[in-house]
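This is what each chain is made of:
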Amino acid sequence: MPSPAQTEAIPSNPVQYARQGRVGVITVDYPPVNAVGHGVRSGLVAALEAGLADAEAEALLLVCAGRTFMAGADIREFGKPSAPPTLPEVVARLDASTKPVIAAIHGTALGGGLEVALACHLRVALKSAKLGLPEVKLGLLPGAGGTQRLPRLVGAAKALDMILSGDPVGGEEALTIGLVDAVEDDVSPLEAGLRTADRLLADGRMPEPVSARTDRIAGTDPALFTAKRAELAKRQPQLFSPHRIVDAVEAAVTLPFAEGTARERELFLACMDSPQRAGLIHAFFAEREVAKVPGLPAGTPTREIRKVGVIGAGTMGGGIAMCFANAGIPVVLVDSAQEALDRGTAAIRRNYEATARKGRLTAAQVEERMALIRPTLSYGDLADADLVVEAAFESMEVKRTIFRTLDDTCKPGAILATNTSTLDVDAIAAATGRPQDVLGMHFFSPANVMRLLEVVRGARTSDTVLATVMGLARRIGKVGVAVGVCYGFVGNRILHQRGRESMALVEEGASPEQVDRVLTEFGFPLGHFSMTDLAGIDVGWRIREERRKAGDPEAQAPNWLDVLAERGRYGQKTSAGVYRYEPGSRTPIPDPEVAAVIEEDRRNRGIAPRAVSDEEVRERCLYVMVNEAAKILEEGIAARPVDIDAIWLHGYGFPSWRGGLLFWADREGLGKIAASVQRYHRDIGGPQWRPSALLLQRAADGQPIGC
Ligand code: T1G
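Residues numbered from 1 in each chain as written. Predicted model: local features only at pLDDT ≥ 70, side-chain atom pairs only at ≥ 80, totals over all residues. Heavy atoms only, no water.

Engineer: What am I meant to see in the pattern of salt bridges here?
Structural biologist: Overall, the coordinates contain 62 salt bridges when judged by the stated rule. For E58, the salt bridge goes to R22, with nearest N and O atoms at 2.8 Å. Here E58 is found in the loop between α1 (38-53) and β4 (59-64), whereas its partner R22 is found in the loop between β2 (15-20) and β3 (23-28), with 36 residues between them in sequence. Residue E58 is classed as partly exposed on the basis of its relative accessible area, which comes to 37%. Of the charged contacts in the structure, one is a salt bridge between E394 and K399, with a shortest N-O distance of 3.6 Å. K399 sits in the buried class, given a relative accessible area of 1%. Sharing partners across several salt bridges, the network here consists of E501, E508, R610, E616 and R620. (Salt bridge = Lys/Arg side-chain N within 4 Å of Asp/Glu carboxyl O. Helix = DSSP H or I, 4+ residues; strand = E, 2+ residues; numbered from the N terminus. Buried < 20%, exposed > 50% of the residue type's maximum accessible area, 1.4 Å probe, protein only.)

Engineer: How should the UniProt feature "domain: 3-hydroxyacyl-CoA dehydrogenase C-terminal" (unreviewed entry) in the protein chain be read in this particular structure?
Structural biologist: UniProt's entry tags residues 488-581 and 619-702 with the feature "domain: 3-hydroxyacyl-CoA dehydrogenase C-terminal" (unreviewed entry), counted in the numbering of this structure. Within residues 488-581, the helical portion is 61% and the strand portion 2%, while the C-alpha atoms at the span's ends are 29 Å from each other. A distance of 20 Å separates the end C-alpha atoms of residues 619-702, which is 70% helix and 0% strand. (UniProt positions renumbered as here; feature names shortened; annotations may be inferred.)

Engineer: Just to check I follow, could you spell out the domain arrangement of the protein chain for this structure?
Structural biologist: By a widely used convention, the size of an interface equals the accessible area lost when the partners come together. For the protein chain, the assigned domains are domain 1 (6-271), domain 2 (308-483) and domain 3 (511-611). Computed over C-alpha atoms, the centres of domain 2 and domain 3 are 29 Å apart. (Domains from an automatic or database assignment.)

Engineer: Explanation requested: the sheet that holds strand β9 (residues 169-170) in the structure shown.
Structural biologist: In any sheet, the strands associate via hydrogen bonds between backbone groups, in a parallel or an antiparallel arrangement. Spatially, β6-β8-β9 is the arrangement adopted by the 3 strands of the open sheet, whose pairing is mixed. At either margin of the open sheet sits one strand with a lone partner, and together these are β6 (108-110) and β9. Across 2 bridges, strand β8 (residues 130-132) lies against β9 in antiparallel orientation. Of the residues in β9, the one forming a bridge with L131 is V169. (Pairing = 2+ DSSP bridges.)

Engineer: What's the story with helix α5 (residues 156-165) in this structure? I'm lost.
Structural biologist: In an α-helix, one full turn covers 3.6 residues, which means residues spaced three or four apart are oriented alike. Taken residue by residue, α5 has A156, A159, L160, M162, I163 and L164 as its buried positions. Residues of α5 that are buried sit in contact with β8, α4 (146-154), β9, α6 (171-177), α8 (223-235) and α9 (241-254). Directly after α5, the chain includes G166, whose backbone phi takes a positive value near 75°. (Contact = heavy atoms within 4.5 Å.)

Engineer: Would you mind showing me how to read the packing of helix α11 (residues 275-289) against helix α25 (residues 641-651) here?
Structural biologist: For any two helices packed against each other, one specifies the crossing angle of their axes together with the interaxial distance. Put simply, α11 and α25 touch, their axes get as near as 9 Å, and they point 105° apart. Classed by the angle they form, the pair α11 and α25 counts as roughly perpendicular. Contact residues: α11 offers H282, A283, A286, E287 and E289, while α25 offers V642, D645, A646, L649 and H650. Here the contact of α11 with α25 is composed, by residue class, of 5 nonpolar, 2 polar and 3 charged. (Axes fitted to C-alpha atoms, helices over the stretch in contact; angles between N-to-C directions. Parallel < 35°, antiparallel > 145°, perpendicular 65-115°, else oblique. Nonpolar A, V, L, I, M, F, W, Y, C, P; charged D, E, K, R; others polar.)

Engineer: Looking at this model, I keep getting lost on the nonpolar core. Mind explaining?
Structural biologist: Side chains of a nonpolar character, in soluble globular proteins, are inclined to be buried together. W560 and I644 are the most contacted members of the largest nonpolar core, which has 73 residues in total. The leading source of residues in this core is helix α24 (residues 614-635), at 11 residues. Counting only domains with at least three residues in this core, you end up with domain 2 (308-483) and domain 3 (511-611). If we skip the residues at most four places from it in the chain, W560 touches M503, V506, E507, P512, F529, V578, V594, V597, I598 and D601. By size, the runner-up hydrophobic cluster in this structure holds 68 residues, among which are F78, A119, A129 and L150. (Core = buried A, V, L, I, M, F, W, Y, C linked by side-chain atoms within 4.5 Å.)

Engineer: Mind showing me how you'd approach the pairing of strand β7 (residues 122-126) here?
Structural biologist: In terms of residue burial, β7 counts as a mostly covered element, since 5 of its 5 residues are buried. Every second residue of β7 is oriented toward a common face, with L122, V124 and L126 on one face and R123 and A125 on the other, all of them buried. By the bridge criterion, 4 bridges tie strand β5 (residues 101-105) to β7 in an arrangement that is parallel. Directly across from I102, in β7, lies its bridge partner L122. Of the strand pairs in this sheet, β7 and strand β10 (residues 182-184) are connected by 3 bridges, and their pairing is parallel. Pairing of A125 across the sheet is with V183, part of β10.

Engineer: I would appreciate a short explanation of the packing of aromatic side chains in the present structure.
Structural biologist: One pair of aromatic rings is described through two measures. These are the centre distance and the angle between the planes. Within the structure shown, the criterion is met by 12 aromatic pairs. Ring plane angle 40° and centroid distance 6.5 Å describe the contact between Y623 and W664, whose orientation is recorded as tilted. Within this pair, whereas Y623 is found in helix α24, its partner W664 is found in helix α26 (residues 661-668), the two being separated by 41 residues in sequence. Classification of W664 by relative accessible area gives buried; the value is 5%. Aromatic rings pair up to connect F444, F522, F524, Y623, W648, Y652, F654 and W664 into one cluster. (Phe/Tyr/Trp six-rings, centres within 6.5 Å; stacked < 30°, edge-to-face > 60°.)

Structural data, given as structure tokens:
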């Protein structure tokens, strides 16, 4: 048994040194994720010095307290002057250590945290650990030796895959590829580290530093980098850091370690200066910030959700049921017709089996999840549900009828949620005797894939119900964003304005493919019309028909999209919509029949088509979104700019390297946007171009509108 620890505490420091027998143990304790901030960097240097000075310490062991090994540099320090020692300096000290240093890894060893482990002489990981270099997701590259050491352990090809994807590997895979030297299970990281140290001391040899190893990089084919560059040029032409990553790993293979490290530093600093880094880090924190709802006290009591009901076995209802089953929550799936239930459960099974074919689920897991979803025709099976999500036809009459039935059927305290994408949640709540238990849970299609969940707070929704559903969002892997009640809430209300401008631009002379090209060049994964084809033209067509029937003054007259829908051209689901699609393909192909429908529509409207510039398309589609977002903030429908950013990042594919709609607007220039909005209001008119007072005020004051 090791002798009693002799603690040489390093005062007010998140890093402690204590010897256990012949091993000097360095422990990092900096909750919540042991981020390698200045205090940790200084502490690591001091603890290393203590260990090197400790004559009785023959080997050093680096472990972390809490739930994880170091999860990376402290992102909150980015953009600020970096106080010494820098992480590369810390890593260099470890590399040069005259005593062997072992890293014992648990939890998520990511980014700079893994780079610290890579500079150690040996690494042992728990089987459950995850090890990765996700810097690319922040617009960066590993800047503390990761691009130089990882190839020396796993080879350049595997290193490129890991660093370009940013995805972690598990403990066992890490052992297989050579990233770690041992894997332990069911022990503490300290115990795993001490076992490795015992083996090392018994062996008696000093391991070679990773920086000196060449066996895994010798003979790397230069064509690897040429191929990677060609792939990136095709797949991610707009992203800055991936191309620099290829340069850095290539340097690891072609230059001596010191020169390669210098090259990495140059490339890292270039990425750090890139606006894409600022955007991606804003997006990273936005996803976490929105979970904290202003005005909702931390610690608000929540209700336990053990069983969920879903009303409607259609595309949305099936996807929603999968969200809960994926989180291990039993689901009762209700529909009014057995045929609809059978169709819905068959679609769910098809989705799971497709995931299993990609290796992301086992056959057993498919059956486990299917078993969690119980189809039924009877509302009575919802009597003990803790939450029911209604995903029925988008009709106020249908929804109010369902909620009256739910109010009669469900137990007191059950939460009743509607998945409506546009209708008034308060009007739905008023159909029940429990409006305090009613809110909107607006999922985005496909519900089992899209991460965004708009949590629509009704006028009488209680804090407890809101807090419960916000916590449930995280539990089912969604980015929950609290929003208020209005037509389209936040995401679709902004999308509606972009859609209106896209339609107007086409009526005036642009083509659908021109509008879509401008939007995809901006960074959206799909243009407005290819997205319409994916979601289904019939969805919008039916909503517009509903608004026209209801005599809504804002309802639009039938347009060329309605003509396509009336011809049965619903989009991808019918292999023809705004574009045509070859069987089995999702590639949009312009269709002369659609061009003819658009020309006919222009003639009917008395519009002589004109050439529309890409710049006008870009301004009108994006600035109308910013203007609408500013109105949403004015009205309090979204509490903060970051909520709107997160909604468009996670619900509509706003390019994350631009940070978010309002984060981008500040960098585009509010003055320019405000002036254009006023010009379009003068030249085009319409409520969408009525300038937001908040936008004008911030522009006039030279103040940002994002956060
Ligand atoms: N720095 C600062 N804070 C961080 C952080 C980090 N690296 N990672 C997480 N947090 C905060 C987070 O904001 C939240 O704070 C709390 O910790 C819990 O996080 C030189 C330059 C580790 C997998 O990219 O992926 O190293 O909201 O809610 O879901 O090459 O956090 O509670 O106040 O996400 O359990 C590389 C990013 C940095 C890892 C845990 N590292 N973090 O997930 O908890 S760049 C990363 C994550 C770098 C070097 C380069 C996840 C997690 P709050 P959480 P989680």
